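# Residue-level structural notes
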2 protein chains.
Amino acid sequence: MSDGPASACPLPLRDYAHVVLGHGAGGALSRDLIEGIFLPAFSNEWLDQRGDSAVLDSTGLSSGTALDIARHLGNAGRLAVSTDSYVVRPLVFPGGSIGDLAVHGTVNDLAMSGARPLVLTAGFILEEGLAIAALATIVERMARAAREAGVVIVAGDTKVVERGHGDGLYINTAGIGVVPPEVRLGNEPVRPGDVVLVSGTIGDHGLAIMSVREGLEFDAPIASDTAPLHGLVSTMLAACPGIRLLRDPTRGGVAASLNEIAALASVGIEIDEDAVPVRPAVAAACEILGLDPLLVANEGKLLAIVPAAAADAVLAAMRAHPRGRDAVALGRIVAAHTQLVVMRTAIGGTRVIPLPLGEQLPRIC
Amino acid sequence: MSDGPASACPLPLRDYAHVVLGHGAGGALSRDLIEGIFLPAFSNEWLDQRGDSAVLDSTGLSSGTALDIARHLGNAGRLAVSTDSYVVRPLVFPGGSIGDLAVHGTVNDLAMSGARPLVLTAGFILEEGLAIAALATIVERMARAAREAGVVIVAGDTKVVERGHGDGLYINTAGIGVVPPEVRLGNEPVRPGDVVLVSGTIGDHGLAIMSVREGLEFDAPIASDTAPLHGLVSTMLAACPGIRLLRDPTRGGVAASLNEIAALASVGIEIDEDAVPVRPAVAAACEILGLDPLLVANEGKLLAIVPAAAADAVLAAMRAHPRGRDAVALGRIVAAHTQLVVMRTAIGGTRVIPLPLGEQLPRIC
């Protein structure tokens, strides 16, 4: 069996005999791995919802174990739980480090459920030979990021692998948050007419990483946007408790997140090319590197699907918050072209924005 | 600055400029890393207790954030939280796989707090080139282990690193459990006269791994003891709610766990050489390989410190449980030689069992 796809679309996992980088890229190959390997083995009512985090709630549960667990946790309100591993290289980059990402990434996954992030666990896999001073710097940045986000790292673990079996440092964090009783994200389905908002410029994180890797220098250096978003989310929910859905467009970028939303909600999405906010330096770097900013990872931005009637109020609330100053309406949910994301171009045409297949930027987070 | 220790004991972390394998071995070098890097950066009232898992309880908390978090979680009873990364090689071994370890290891860390384990998160770091079939096998074993342990994997993440930057597959799991209100492990201090129990034979896991790596064959093959222990713990707590403390002697073996207990509780510990339960095949393999079974990792055993008056009852309860059939009293807590673990040898002498410095068996879990 070869390692290449035998047909163009959809890509059945069975045509890959071995893991390729694209299996970790958040696009169609990642989806194949999840749907072909992980979900069939682990399937349960929380995991199957495929959100950025799992909300341990008894609503709608039918299976015995899950219901039993929900009852045990029932008095806690609704716990949100999430995990991510971080394998970014380089370990330190303009605007952040793997330690900042390890806090912000998991905090943000919790925030996308409307949860207040409370505690994190941290697992470190160190490669033999890593400089202790480099580790100390990253751990200090991680601790500062946790303090600033108001989360506490309550449990940790360290493993060491031989030289040549790691890449300096990998970090996993898992997070627990509490979803306030009044938050009902996901209760109302996404529907045609809803507006797609984005909280700011896109592509900054990915291009900050790539500019270091490629040795590019720009007049205005590109810095990662890595930041915690739960404060912004809280402001947005106060402005409109009926926000339909939140996603942070990390791996695979805005294109992957919008495609996921279109697929899960069985709707079409239309975005306006003119509305896509990209910093000039990021746009220039994308041209040089042949990248599409819609496919590039962000670590401090979110997408929101909101009822049309509330869009202006949410946008105003976002713009009044430091993490949402550049928020814009990006497009809308439509009844046509179900499960497809389409961009209206500046010259009046349309093009489909597909779920990225595999890896545009390996090891981005 | 050299990579070797400048003095024998204690070993200041600053004498290492780079990470060595021993920093991940659960012995003195791991302690240096924790005390020199992680605790100073992340210090909080839960992490500082350095248990196998953190119990998110408001008892005794003084800091603002921690208290605030405890209040948010307060109604859940007491949540236990733990994390571990798994880097064992080979990925599949007699008696188990990295997938079984990833479930049992974290379930057991929760169980050592007396918690009922409820949910896990799972983070996978795959190396490019890993066979999809090998991944599927391990994921299926992991799913089976979770079902058998009664825990649900509610959130996951997959990253892929380039060929040569991983070792097939690393897994991180984090776990959440609930400590029943009546459980008060850790409320009563360990004190002289208390008895040290072990739930069965030691060294099986480590020697199962080593026999594969070294290509050793024995008449009776050595299998890992990997298993979930929360059922056994529940039985033990029913027999004696006043059990002082539980630990699972994984990395660094019984020697590391007993030294940790002696240090944290500021007591001496005395164990009897004749009482140490070791399977004949494990003892033989240890001789061939030059290993001390007290230093070898276990993945389905626990140590318990119990009041002398309850020792017989707890031992009887353990022996009546499938995971504790070979339980024995290993020794006792003493007032003498505070913070030292001493073994009474068969011929009547005594020798100190030190905290292992570094790595006897790399990549064991």
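About the criteria used
- Residues numbered from 1 in each chain as written.
- Chains lettered and ligands numbered in written order.
- Predicted model: local features only at pLDDT ≥ 70, side-chain atom pairs only at ≥ 80, totals over all residues.
- Least-squares fit on C-alpha atoms with pLDDT ≥ 70 in both.
- Contact = placed C-beta atoms within 7 Å.
- Core = buried A, V, L, I, M, F, W, Y, C linked by C-beta atoms within 7 Å.
- Buried ≥ 20, exposed ≤ 12 C-beta atoms within 10 Å, placed from the backbone.
- Helix = DSSP H or I, 4+ residues; strand = E, 2+ residues; numbered from the N terminus.
- Axes fitted to C-alpha atoms, helices over the stretch in contact; angles between N-to-C directions.
- Parallel < 35°, antiparallel > 145°, perpendicular 65-115°, else oblique.
- Left-handed = near helix turned anticlockwise from the far one by under 90°.
- Nonpolar A, V, L, I, M, F, W, Y, C, P; charged D, E, K, R; others polar.
- Pairing = 2+ DSSP bridges.
- pLDDT = per-residue confidence, 0-100.

### Let's talk about the relation of the copies chain B and chain A
The operation relating chain B to chain A is a screw motion whose rotation component is 180°, with 0.0 Å of axial translation and a residual RMSD of 0.0 Å. The superposition of one copy onto the other is thereby described by a two-fold rotation axis. Looking at chain B, 100% of its interface residues are interface residues in chain A too, so the copies touch through the same face.

### Some points on the nonpolar core
Residues Leu197 of chain A together with Leu197 of chain B are the most contacted members of the largest nonpolar core, which totals 244 residues. With residues near it in sequence (within four places) discarded, Leu197 of chain B still touches Leu303, Ala304, Val306, Ala311, Val314, Leu315, Met318, Ala327, Ala329 and Leu330 of chain B.

### Side note on the interface of chain B and chain A
The figure often quoted for interface size is the accessible area lost as the parts come together. Counting residues at the interface gives 74 residues for chain B and 74 residues for chain A. Counting only elements with at least two residues in the side of chain B that touches chain A, the list comes to helix H1 (28-42), strand E1 (54-56), helix H2 (64-73), strand E2 (78-86), strand E5 (116-127), helix H4 (132-149), strand E6 (152-161) and strand E7 (169-179) of chain B. The greatest single-element share of the side of chain B that touches chain A, amounting to ten residues, is contributed by E6 of chain B.

### Section: the packing of helix H3 (residues 98-111) of chain A against helix H4 (residues 132-149) of chain A
Residue and element names in this part refer to chain A. For the pair H3 and H4, interaxial distance at closest approach is 7 Å and the crossing angle is 30°. Considering their axes alone, H3 and H4 lie roughly parallel with respect to each other. Between H3 and H4 the crossing geometry is right-handed. For the pair H3 and H4, the contacting residues are Ile98, Gly99, Asp100, Ala102, Val103, His104 and Val107 in the first and Ile138, Val139, Arg141, Met142, Ala145, Ala146 and Ala149 in the second. A per-class count over the contact of H3 with H4 returns ten nonpolar, two polar and two charged.

### Side note on the sheet that holds strand E12 (residues 328-334) of chain B
Residues and elements named next belong to chain B. The strand order across the open sheet built from seven strands is E9-E11-E8-E12-E10-E13-E14, with neighbouring strands paired in mixed fashion. Whereas interior strands pair on both sides, the edge strands pair on one side only; in this sheet they are strand E9 (245-247) and strand E14 (350-352). Taken over all neighbouring pairs, the strand axes of this sheet differ in orientation by 25° on average, direction set aside. Where strand E8 (residues 195-198) meets strand E11 (residues 303-306), four bridges bridge the pair, whose relative direction is antiparallel. Considered in E11, the bridge of Val195 is made with Val306.

### Structural notes on the confidence of the model for chain A
All names here are of chain A. Counting all residues, the mean pLDDT for chain A is 91, and 91% of those residues have values of 70 or more. Note that pLDDT drops below 50 for residues 1-12; the model gives that stretch eleven contacts with residues more than four away or on any other chain. For this predicted complex, the interface confidence reaches an ipTM of 0.93, while the overall pTM sits at 0.93.

### Digging into the pairing of E12 of chain B
The side chains of a regular strand alternate, residue by residue, between the two faces of the sheet. Residue and element names in this part refer to chain B. With four bridges joining them, E8 and E12 adopt antiparallel strand pairing. Of the residues in E12, the one forming a bridge with Val198 is Val328. As paired elements, strand E10 (residues 268-272) and E12 share four bridges and run antiparallel to each other. Bridging across to E12, Glu270 finds its partner in Arg332.

### Some words on the environment of Ala146 of chain A
All names here are of chain A. Position of Ala146 relative to the elements: it lies in helix H4. What makes Ala146 buried here is the crowd of 28 C-beta atoms within 10 Å. Spatially, the C-alpha atom of Ala146 lies 30 Å from that of Glu217, the residues being 71 residues apart in sequence. Apart from residues no more than four positions distant in its own chain, Ala146 is found in contact with Val103, Leu120, Val151, Val152 and Ile153.

### As for unusual backbone geometry
Residues and elements named next belong to chain A. Residue Pro90 is reached from Arg89 by a cis peptide bond, and omega for that bond is 0°. Looking at where Pro90 falls in the secondary structure, it is placed in the loop between strand E2 (78-86) and strand E3 (92-93). Of note, the phi angle at Arg363 is positive, near 55°, even though the residue is not glycine. Position of Arg363 relative to the elements: it lies in the segment after strand E14 (350-352).

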